[in-house]
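Fold and contact review
Chain residues, written in single-letter form:
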Amino acid sequence: MVAKNSIEFECKSLDETKAAVHGLVEPQITEFLSIFGLPPPVASDDKKPSVSASDLTVPIIDFAMPREVIVEKIKEAAEKWGIFQVINHGVPLSVLEEIKDGVVRFHEEDPEVKKSYFSRDFAKTFIYHNNFELYSSSSGNWRDSFGCYMAPNPPNPEEIPHVMSLGGLIFEILSEALVLRSEKLKSMDCMKGLLMLCHYYPPCPQPDLTFGTSKHSDNTFITMLLQDQIGGLQVLHQDCWVDVSPISGALVINIGDFLQLMTNDKLKSAEHRVLANKVGPRISVACFFSSSVIPNATVYGPIKELLSEENPPKYREFTVPEYSKGYIEKGLDGTSHLLNYKI
Ligand SMILES: O=C(O)CCC(=O)C(=O)O
Ligand SMILES: [Fe+2]
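Residues numbered from 1 in each chain as written. Chains lettered and ligands numbered in written order. Predicted model: local features only at pLDDT ≥ 70, side-chain atom pairs only at ≥ 80, totals over all residues. Heavy atoms only, no water.

What follows covers the coordination of the iron ion (ligand 2). Binding of the iron ion (ligand 2) to the protein goes through H216 (NE2), D218 (OD) and H272 (NE2), at separations of 2.1 to 2.2 Å. Here the donor residues of the iron ion (ligand 2) are spaced in sequence according to H-x1-D-x53-H. A residue pair is termed long-range when its members are at least 10 positions apart, and H216 in strand β7 (residues 211–216) and H272 in strand β12 (residues 272–275) qualify at 56 residues. Each of the two residues, H216 as well as H272, counts as buried. (Donors = N, O, S within 2.8 Å, 3.2 Å for Na, K, Ca; no water. Helix = DSSP H or I, 4+ residues; strand = E, 2+ residues; numbered from the N terminus. Buried < 20%, exposed > 50% of the residue type's maximum accessible area, 1.4 Å probe, protein only.)

Moving on, we get to the pairing of strand β8 (residues 222–227). Counting buried residues along β8, six of its six residues qualify, which places the element largely inside the surrounding structure. The sheet contact formed by β8 and strand β11 (residues 251–255) spans four bridges and is antiparallel. Residue pairing in the sheet places T223 in a bridge with N254 of β11. Where β8 lies against strand β13 (residues 282–289), five bridges are found, and the strand directions are antiparallel. Bridge assignment links L226 to a residue of β13, and that residue is V285. (Pairing = 2+ DSSP bridges.)

This paragraph deals with the UniProt feature "domain: Fe2OG dioxygenase" (unreviewed entry) in the chain. Taking the numbering used here, the UniProt-annotated feature "domain: Fe2OG dioxygenase" (unreviewed entry) corresponds to residues 192–291. The span residues 192–291 is 6% helical and 46% strand by assignment, and the distance between its end C-alpha atoms comes to 7 Å. (UniProt positions renumbered as here; feature names shortened; annotations may be inferred.)

Before going further, it helps to spend a moment on the pattern of salt bridges. On inspection of all chains with the given rule, the structure shows 13 salt bridges. Of the charged contacts, one joins K75 and E79 as a salt bridge, the two residues approaching to 3.0 Å between their closest N and O atoms. In this pair, K75 and E79 both sit in helix α2 (residues 67–80), four residues apart, roughly one turn of the helix. What makes K75 partly exposed here is its relative accessible area of 24%. (Salt bridge = Lys/Arg side-chain N within 4 Å of Asp/Glu carboxyl O.)

Below you can see the structure in the form of structure tokens.
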């Protein structure tokens with residue numbers, strides 16, 4: 001096993017290059033590989049069987065269906081899977097393609113330009129780095145990301161109408177699925193913060209030794225994800241890793257930790273991961289409905305209307321910055337931060 005000091009040294013050396021994982025797909029690659037290696041013993045969840053989409057399929061929800069059918073299908077998906085794909089959602093395909101092209105353009109920009117944005121300070125409105133979990137997790141992930149806060153102070157509100165309007169619709173539908181008034185989740189400021197993380201997974205020479213993103217659930221109310229056609233995203237369902245197969249034009253929606261806590265476990269925060277791949281780059285864009293570490297004093301807890309004598313609160317209250325700080329410090333170590341909030 002590699003000593004902790006030596007791993008920390010390698011993490012720092014990688015950070016000092018400011019070239020992130022993409023910079024490793026160059027001649028000096030073997031110098032850094034040990035920090036990406038899976039820690040022995042490999043986490044037991046990693047050994048669970050992977051099943052392909054032909055056996056078990058992540059629910060696909062067609063937004064062209066009548067509203068009451070959509071509500072019923074999303075209710076079932078959010079309770080059983082915590083993840084679903086939406087089609088016919090109204091965001092034009094050309095917009096989705098342009099977003100992915102923009103992400104490739106940034107990550108394939110001159111390294112000297114990218115270096116000026118390199119940072120691990122999550123309070124900045126725009127940062128670029130290799131994965132945030134590099135220091136806190138037991139192994140690094142084969143991924144670079146840049147992130148920007150699009151709300152509460154969006155760079156230009158007209159540029160994100162699609163995410164906000166589709167997000168608003170999904171929060172309304174989730175409220176209805178919980179038999180709450182349509183505006184309930186929106187009125188609780190679930191859409192107050194939006195952090196967009198744009199991932200770039202370079203081709204990986206040894207994909208079975210590492211992950212693109214290791215197992216985690218998201219510290220969000222919901223996450224809306226755009227992925228390209230390469231694949232690799234999987235969700236843990238009934239003790240199996242199930243592929244979230246790419247569908248052209250679809251968006252992946254997953255329930256995050258905040259909503260699982262607020263619904264007292266009625267909705268499920270999906271545990272998911274991304275496999276590394278010899279083929280790449282893989283591009284994905286995750287829009288997190290969360291203000292993350294930005295100061296926000298709102299206190300959340302299990303929603304009163306959903307509680308009863310038979311269903312008492314299972315979790316204590318939280319604020320988004322406090323939860324996010326603990327989540328980031330813990331890193332993607334395969335355990336759920338939600339457990340720390342159980343009563
Ligand atoms: O790249 C993906 O498909 C998923 C990324 C992800 O899980 C995340 O950013 O939280
Ligand atoms: Fe995630």
